[in-house]
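Overview (structure and organization)
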Amino acid sequence: MDARSDCDQRIALRSDEERGFAFPDLDPPKEVSAVGGVGHVTIDWSPVDGAAGYLILRGAGAHGPLEPVDHHSGDVLSVPSPPYVDTTCTPGTPYRYAVASVPEVTTHGRPSHTVGAVPLVAGSIAPTAQVTVDVVAEGTELARPWAPMIGSERLSQLLCKDTTGGHEIGGELEDALRRMHDELGVRTVRAHAIFHDDTHVIDGSSYNFEVVDKIYDKLLGIGLRPVVELGFMPRELASDPAKTVFAYGAIISPPASYDRWHDLVRALVQHLVDRYGLDEVLTWDFEVWNEANLEVFWSGTKAEYLHLYDVSAAAVKSVDPRLQVGGPSSAAAGWVDDLLDHAKRYGTPVDFVSTHTYGSPPLDVRASLERQGFGDARVLWTEWGVTPTHFNPINDSVFAGVFLLRGMRSAAGRIDALSYWVASDHFEELGRPPRFLHGGFGLQTVGGLRKPRYHALTLLSRLGPVELPVTYDGDGGGSLVEAWASRDRDRIAVLLWNLTLDQTKADGDPALTRAVRVQLPGADPSWQLSTTTLAIGTADVATAAARLPDWPSDAELADLADRTQLVTAPAEWNGSAVDVTLPMPSAVLLELRPARG
C-alpha cells in the first residue's frame, strides 16, 4: 500500500472513547419544507437552539428508509444552517426529506416530520432566480473570516533550499505567504511541527531555539504572526519515537514525561517573550497538538490528550496568564465538548476552541461553548478546505474556488477565523509535488500561479466594509444561488455565485445553470458597471494547463499566469437591475461606481 492510500485509510480512524457526560436531546427542526427545482431540491427549516448543525435525511418513494444525504465531501455531512440544496437526487423521482438537529458531530437527534418533493427535469431554457440588494440600507460591518489566518506547510520549509520542479521550496513558500499578507490582508499563519526534529529544539540537557528564531524572524518579516501549534513530539521526549505520521516522520506519541513536556513548552514561550516582547506574543495563539482524535495523529488516548492539554496550558500561562491557549485542534469538529467539559471540571483555561472540517461549511460549535459555559472563548477553524484528501483534482478546480465563497459567507459573523488549508502547493505531508498540477492543497501552485481558490479570496477581499441586506426568489435563489453585497463610499459590490456541495457535480451540470436578475432598487442609474468572473475556463489554471507538460517552463508559466488572471471588464445594465447567467460552478463580482468625468 502506498503512502497516499495508507493515509486515506488511517485518517478515517477516530480515537474517540466513552464520554462522562450526555449531550442534550435536541428537538427536531420545525417548519421543514422541501421544494423541487430544476435538477435539485431545496430543503429549509427553522433553526433549533443548541444545535451545532443539521443532518439532512432522504428516502425514495413513500415508505423507503431515511438515510443521510451524502454530498461526497469525504468528511462531515452535517451543515450549520438552512437551507440545503440536494443535487444528488434524480430528476422526476419523488423523495421524502427530514432534518435532524446535531448537538455535536458524532450524534444527532430525532428526525423531523417528513416532507415530499420532486426534483424537476431540465428544459431548454435556464431557470431564473432573483437577487435583490437593498443598496440604501444602513447596513452592518462586513465580517472577513478569511483575513485572520491561513494554513501552511511546516514553517521549517521556509529555510529549505531544495527544489521541486526546478523551483526553490523555501523562497517560493515565503513568496506565497507574503502574497497572502500583501494582497489579501491575512494576518496569521497556522502550521504543524514547530517541535519537529528538523528544528532541533533539544540540545542535550538544554534547549536551542535558533532554528525556531530563524523561522519566526522570517514570518514576522513578511508581516505575519504565527499560531504556535505545540507539536509534534521531540524525539528526546517521546514515549514511542517509532510512532510517526507523514513523509517527514513527525512523532505522534505522548511524552515519556509530562514534566519534561511542561518544561519544554514553558521554555519556548518564555524564549519567544524574551525575543519578541510580551506585547507582541500576547497577540499570538498557542494551540495544543493537531487532530488528536484521529489515530493517525495521536498514538495515546483521549485522557492522555486532555492531560497534555492541561500541562501545556499551565506551561503557557506560567509565563503570563494573559497568553492565549486553546484546542482541541480536532478533526471533524470532534472533542470540542470533551475538552470544554474537562476544562470546566478541572479549571483548565480555554481561551479559544479550534477544530477542522472539509467539504462543508463549518458547524456552529458556539453551541458547545454556550452549553459548557465558555461563551466568551473565540472560535478558530484552524483547518478548512474542499476535501481532506491529498492529491485530489478538485483542489485545482473552479468548484473549489466557489466552495470557498460559500463557506466564508456561512462563517461570517459566527467564527473568528476560518483558515484555508493551505497557502502553497509546496506541501509535503505525503511527499513533494510530483507535477505542476497534482490536486495539491495549495491556493497557489509550485511556480506561484494563483488557483481558483486564491481568486475566490481575491473577490472576497474586494467587498466593501458595509454589508447590505439581500433577499432571494425563484428557482434556486438562496440555495444554489447566493450573494454577498457591500458598499463603500463610492462603490457598490455584489458577489454572486452558483454552487452545490455535491462534489459529483464538480465539473459542472447544465441543469443547474441559472439566469439571475440582480435588482438594485435605489442605485444611481448613472453609475457604471464592471464585472469580474470566475468560471470553468475563466481564471481557471486547471483548464488552461491541461495540455502542458508535468513541469512547464518559465515561459509557459508566465503565459499561463497571464491567461488565468482575473479580468475586470465594463458591462451594461439598465439602471435598476443586472442580468447574469451563472453556470454551476461559477461566481461573478458586480461593481457599480460613479461615472468618470
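What comes next is a walk through the structure.

**Let's talk about the packing of aromatic side chains**
- Applying the stated criterion to the full structure yields 19 aromatic pairs.
- Here the aromatic rings of Trp146 and Trp484 are separated by 6.0 Å at their centres, their planes lie at 90°, and the arrangement is edge-to-face. Taken together, the residues span a long stretch of sequence, with Trp146 in the loop between strand E9 (140–141) and strand E10 (149–152) and Trp484 in strand E26 (residues 481–487) at a distance of 338 residues.
- A centroid spacing of 6.2 Å and a plane angle of 90° characterise the contact between Trp421 and Phe427, whose relative ring orientation is edge-to-face. Across this residue pair, the class does not change: Trp421 and Phe427 are buried.
- An aromatic cluster of at least three residues, connected via ring pairs, comprises Phe195, Phe232, Phe246, Tyr248, Trp261, Trp289, Phe297, Trp298, Tyr305 and Trp335.

**Structural notes on empty space enclosed by the protein**
- Summed over the entire model, instances satisfying the criterion amount to four cavities of 30 Å³ or more.
- Estimated volume of the largest cavity: approximately 90 Å³.
- What lines the largest cavity is simply His390, Phe391, Asp425, Phe427, Glu429, Leu430, Gly431, His438, Gly439, Gly440, Phe441 and Gly442.
- Split into classes, the residues belonging to the lining of the largest cavity amount to four nonpolar, six polar and two charged.
- Volume-wise, the second largest cavity comes out at about 50 Å³.
- Contributing to the lining of the second largest cavity are Leu155, Ala191, His192, Ile194, Tyr216, Pro226, Val227, Val228 and Glu229.
- With four residues, the single largest contributor to the lining of the second largest cavity is strand E16 (residues 225–230).
- In terms of residue class, the lining of the second largest cavity is built from seven nonpolar, one polar and one charged.

**As for the environment of Glu467**
- Note that Glu467 resides in strand E24 (residues 466–468).
- Residue Glu467 is classed as buried on the basis of its relative accessible area, which comes to 15%.
- In sequence terms Glu467 and Ala137 are 330 residues apart; their C-alpha atoms lie 9.2 Å from each other.
- Ignoring any residue separated from it by four or fewer positions in sequence, one finds Glu467 in contact with Gly139, Thr140, Glu141, Leu142, Arg409, Trp484, Ala485 and Ser486.
- Within polar-contact distance, the side chain of Glu467 engages the side chain of Arg409 at 2.8 Å.

About the cut-offs
- Residues numbered from 1 in each chain as written.
- Predicted model: local features only at pLDDT ≥ 70, side-chain atom pairs only at ≥ 80, totals over all residues.
- Heavy atoms only, no water.
- Phe/Tyr/Trp six-rings, centres within 6.5 Å; stacked < 30°, edge-to-face > 60°.
- Helix = DSSP H or I, 4+ residues; strand = E, 2+ residues; numbered from the N terminus.
- Buried < 20%, exposed > 50% of the residue type's maximum accessible area, 1.4 Å probe, protein only.
- 1 Å grid on protein atoms, 1.4 Å probe; cavity = no way out; pocket = protein on both sides within 12 Å on 5 of 7 lines; lining within 4 Å.
- Points joined across faces, edges and corners; volume = space filled by probe spheres on them.
- Nonpolar A, V, L, I, M, F, W, Y, C, P; charged D, E, K, R; others polar.
- Contact = heavy atoms within 4.5 Å.
- Polar contact = N/O pair within 3.5 Å; in protein donor to acceptor, adjacent residues only side chain to side chain.

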